[in-house]
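Topology and contacts: notes
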Amino acid sequence: MKTRRQFVHSSMMGLAATWTLPSFLDATILGLDARAADSAIQTATGKDSPILVVLQMGGGNDGLSMVVPFADDAYYRSRSQIALARDSVLRLDDYAGLHPNLAGLKGLFDNGDAALIHGVGYPNPNRSHFRSMEIWHTASDADKNEHYGWIGRYFDSACQGQPPTAGVNIGSMPPQAFLSAKPMGISMASPNRYKLIEPGDIAVADARDGQMVPMMADGENIAGSRSGSSIESLGAANPANDGLSNLQYLERTALDAEVSSQDIQRIVSAHKSATPYPSSRLGEDLKLIAQLIAGGLPTRIYYANLGGFDTHANQKPAHDRLMKEFSEAVTAFVADLKEQGNFNRVLMMTFSEFGRRVSQNGSGGTDHGAAGPMFLFGGAAKAGLHGKHPSLTDLNNGDLKHGIDFRNVYATVLEKWLKVDSTPVLKRKFATMDLLKA
């Protein structure tokens with residue numbers, strides 16, 4: 001296991017060959033080294049630990065068109081225009097099966113690489129995209145508001161002392177799930193954009209849009225201004241920054257950003273997948289994650305997003321396309337991880353902020369609903385079906401009733417996969433489920 005101290009030392013060796021650091025960073029580097037040596041937080045990194053990949057299906061995925069209850073006549077009565085034909089469904093059991101464009105996923109089920117959790121949601125569901133996504137991201141109750149995300153609280157609890165790449169979001173904006181008291185994790189739309197804007201700039205990693213934003217255009221000016229009142233005021237220790245001064249904290253951020261940028265550029269250049277990926281955006285995003293895993297980036301949680309599920313009108317062609325994109329990308333990702341020999345140390349978890357209503361609307365689409373399915377992919381997932389498919393006739397204002405609270409799934413992933421106490425992350429104890437192999 002590589003410690004923080006080793007990380008800083010080895011990173012500086014690499015930097016020495018490729019980058020001339022401003023001299024004023026020296027004190028911070030020495031300070032960090034001393035602090036790391038004394039730190040009790042020498043936790044395992046993603047390089048040698050299980051990895052979680054979270055895939056958000058944004059917009060409210062229609063679970064009834066993804067996991068089709070083909071044996072239930074209520075499904076066909078409720079969806080005269082958009083119901084999928086019985087003989088087209090890829091059967092998982094005698095009641096439900098997968099959308100016909102999920103052939104790749106059906107293969108994963110047949111191989112024992114996938115798990116489906118029926119009817120996941122939360123009490124008093126909210127049909128607002130914003131509010132329901134906030135609930136899933138913060139793991140809050142429906143009647144409470146939380147500022148920090150559940151992954152952010154995991155960073156605070158278990159990842160302090162690790163490099164910023166402990167969490168990597170593929171996208172231009174970080175999810176609220178990443179928001180933490182002590183900032184951790186990076187966002188990048190592409191590895192080529194995650195770098196310094198121009199040589200000579202002092203830059204910090206902007207975790208909000210994935211680019212390196214100049215902190216000050218002229219490094220000599222910032223060094224020369226340390227005796228000035230504005231910079232001098234940054235010198236006092238700040239408890240919120242682990243006791244570092246604000247200036248040291250900014251310098252540390254710049255250093256971490258430069259190191260992580262070089263690591264990502266190096267890995268992406270060195271690791272080319274032999275597995276063919278679809279040319280879709282999700283395919284490209286999962287291919288990048290697979291490259292970073294193959295290259296040993298010490299990441300614990302990756303986050304990716306597939307949007308476009310808000311299908312109020314003319315749903316069928318749009319949802320058909322999304323199912324194809326989802327299936328092809330996930331199937332390639334699984335094949336790539338197996339080729340790398342990393343399949344057993346990676347767990348992918350999918351979610352959407354809500355499902356859709358049981359009955360179609362007058363525009364050939366479906367409106368915001370409640371419970372929906374979640375999927376797990378990975379060598380550790382206990383393959384097959386978990387929970388019971390929600391009733392199509394015992395409804396809550398036209399919505400499916402949830403049988404499993406999503407926080408039970410989160411607790412399972414946290415405790416049985418990431419090996420941390422879920423209580424400080426979820427802010428109370430939720431029972432775990434039998435979703436993973438022992």
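Details of the structure are given in the entry above.
This text gives an overview of the structure that appears in the document. (Residues numbered from 1 in each chain as written. Predicted model: local features only at pLDDT ≥ 70, side-chain atom pairs only at ≥ 80, totals over all residues. Heavy atoms only, no water.)

**Some thoughts on the overall build of the protein chain**
Going by this rule: Each helix is a run of DSSP H or I of at least 4 residues and each strand a run of E of at least 2, with the numbering of both proceeding from the N terminus. Note on contacts: a residue pair is in contact if any heavy atoms of the two residues lie within 4.5 Å. For accessible areas, the Shrake-Rupley method is used with a probe of radius 1.4 Å. Any residue's cover is judged against the shown protein chains and nothing else.
Check the secondary structure of the protein chain and you find 14 helices and 14 strands. Expressed as a percentage of contacts within the protein chain between residues at least 6 apart in sequence, the contacts between residues at least 24 apart total 70%. Accessible area of the protein chain: about 17700 Å², with a carbon and sulfur share of 51%.

**Regarding the environment of Asn408**
In plain terms, the rule: The definition of a polar contact used here is a pair of N or O atoms within 3.5 Å, where within protein one atom must be able to donate a hydrogen and the other to accept one, and adjacent residues in sequence count solely through side-chain atom pairs.
Structurally, Asn408 can be placed in helix α13 (residues 406–417). In this structure the C-alpha to C-alpha distance between Asn408 and Thr432, which are 24 residues apart in sequence, comes to 5.5 Å. With residues up to four places along the chain from it excluded, the contact list for Asn408 reads Phe430, Ala431, Thr432 and Met433. In this structure the side chain of Asn408 is engaged in a polar contact, spanning 2.9 Å, whose partner is the backbone oxygen of Ala431.

**A look at the packing of aromatic side chains**
Applied cut-off: Whether two aromatic rings pair depends on their centres lying within 6.5 Å, for rings of Phe, Tyr and Trp, where Trp uses its six-membered ring; planes under 30 degrees apart make the pair stacked, over 60 edge-to-face, and the rest tilted. Each residue gets one of three labels from its accessible area relative to the maximum for its type: buried under 20%, exposed over 50%, partly exposed in between, using a 1.4 Å probe on protein chains only.
Using the criterion set out here, one finds 14 aromatic pairs in the structure. Taking the centre distance of 4.8 Å and the plane angle of 80° together, the rings of Tyr75 and Tyr76 count as edge-to-face. Its relative accessible area of 21% is what places Tyr76 among the partly exposed residues. Their ring planes at 50° and their centres at 6.1 Å tell us that Tyr154 and Phe155 sit as a pair that is tilted. The same class applies to Tyr154 as to Phe155, namely buried. Chaining the aromatic ring pairs together yields one cluster made of Tyr122, Trp136, Trp150, Phe351, Phe406 and Tyr410.

**Description of the pattern of salt bridges**
Cut-off, in case you're wondering: Just to be clear on terms, a salt bridge is a Lys or Arg side-chain nitrogen sitting within 4 Å of an Asp or Glu carboxyl oxygen.
Enumeration over the complete set of coordinates arrives at 21 salt bridges. In this structure, Asp263 and Arg266 form a salt bridge, with 3.5 Å as the shortest nitrogen-oxygen distance. Of this pair, Asp263 and Arg266 are both found in helix α10 (residues 246–270), three residues apart, which corresponds to roughly one turn of the helix. You can call Asp263 buried: its relative accessible area is 18%. For Arg407, the salt bridge goes to Asp405, with nearest N and O atoms at 2.8 Å. The two residues Arg407 and Asp405 agree in class, both being buried. By sharing partners, the salt bridges in this structure join Asp141, Lys144, Asp405, Arg407 and Arg428 into a single network.

**Looking at α13**
Since there are 3.6 residues in each turn of an α-helix, residues three or four apart along the chain are aligned in direction. Formally: Here the expected length of a helix is defined as 1.5 Å per residue gap, with one fewer gap than residues.
A rise of 1.5 Å per residue sets the reference length of α13, with its 12 residues, at 16 Å; its end C-alpha atoms lie 16 Å apart and thus fit the reference within 8%. When you tally the buried positions in α13, you get 10 out of 12 residues, the bulk of the element. Taken as a whole, α13 has its buried residues at Phe406, Arg407, Asn408, Val409, Tyr410, Ala411, Thr412, Val413, Leu414 and Trp417. Once α13 finishes, Lys419 follows within two positions and takes phi at roughly 60°, a positive value.

**Quick notes on empty space enclosed by the protein**
Under the convention used in this document: Any residue with an atom within 4 Å of a point lines the site, the site being either a cavity, points on a 1 Å grid over the protein atoms alone where a 1.4 Å probe fits but cannot get out, or a pocket, an open set with protein on both sides within 12 Å along at least 5 of 7 lines. Grid points are joined across faces, edges and corners, and a volume is the space filled by probe spheres set on the points. Note on residue classes: Ala, Val, Leu, Ile, Met, Phe, Trp, Tyr, Cys and Pro are nonpolar, Asp, Glu, Lys and Arg are charged, and everything else, Gly too, is polar.
Counted by the stated rule, this structure contains four cavities of 30 Å³ or more. When its volume is computed, the largest cavity comes out at roughly 100 Å³. Residue lining of the largest cavity: Gly63, Leu64, Val67, His118, Gly119, Arg356, Ala371, Gly372, Pro373, His389, Pro390 and Leu400, and that is the complete set. Put simply, the parts of the chain that give the lining of the largest cavity at least two residues each are α3 (63–66), β5 (114–121) and β12 (372–377). Residue classes in the lining of the largest cavity are distributed as six nonpolar, five polar and one charged. Its volume calculated, the second largest cavity comes out at about 50 Å³. When residues of the lining of the second largest cavity are assigned to their parent elements, the largest contribution, four residues, is made by helix α12 (residues 315–340).

**Digging into the packing of helix α5 (residues 103–110) against α12**
Rule in force here: Where helices are involved, their axes are fitted lines through C-alpha atoms of the stretch in contact, as for all axes, and angles between N-to-C directions lie from 0 to 180°. Each angle receives one of four descriptions, namely roughly parallel if under 35 degrees, roughly antiparallel if over 145, roughly perpendicular if within 65 to 115, and oblique otherwise.
In the contact formed by α5 and α12, the axes pass within 7 Å of each other and the chain directions differ by 40°. One way to sum up the angle between α5 and α12 is to call them oblique. Along its contact with α5, which presents Ala103, Gly104, Leu105 and Leu108, the element α12 presents Phe326, Ser327, Val330, Thr331 and Val334. Its residues placed into classes, the contact of α5 with α12 shows six nonpolar, three polar and no charged.

**A look at the environment of Gln160**
Along the chain, the position of Gln160 falls in the loop between α7 (150–158) and β6 (167–170). Relative accessible area serves as the criterion here: at 12%, Gln160 is assigned to the buried category. Separated by 24 residues in the primary sequence, Gln160 and Met184 place their C-alpha atoms 8.2 Å from one another. Among the polar contacts listed, one links the side chain of Gln160 to the backbone oxygen of Phe155, at a separation of 3.3 Å.

From the geometry alone we can't say anything about function, so treat these as descriptive.
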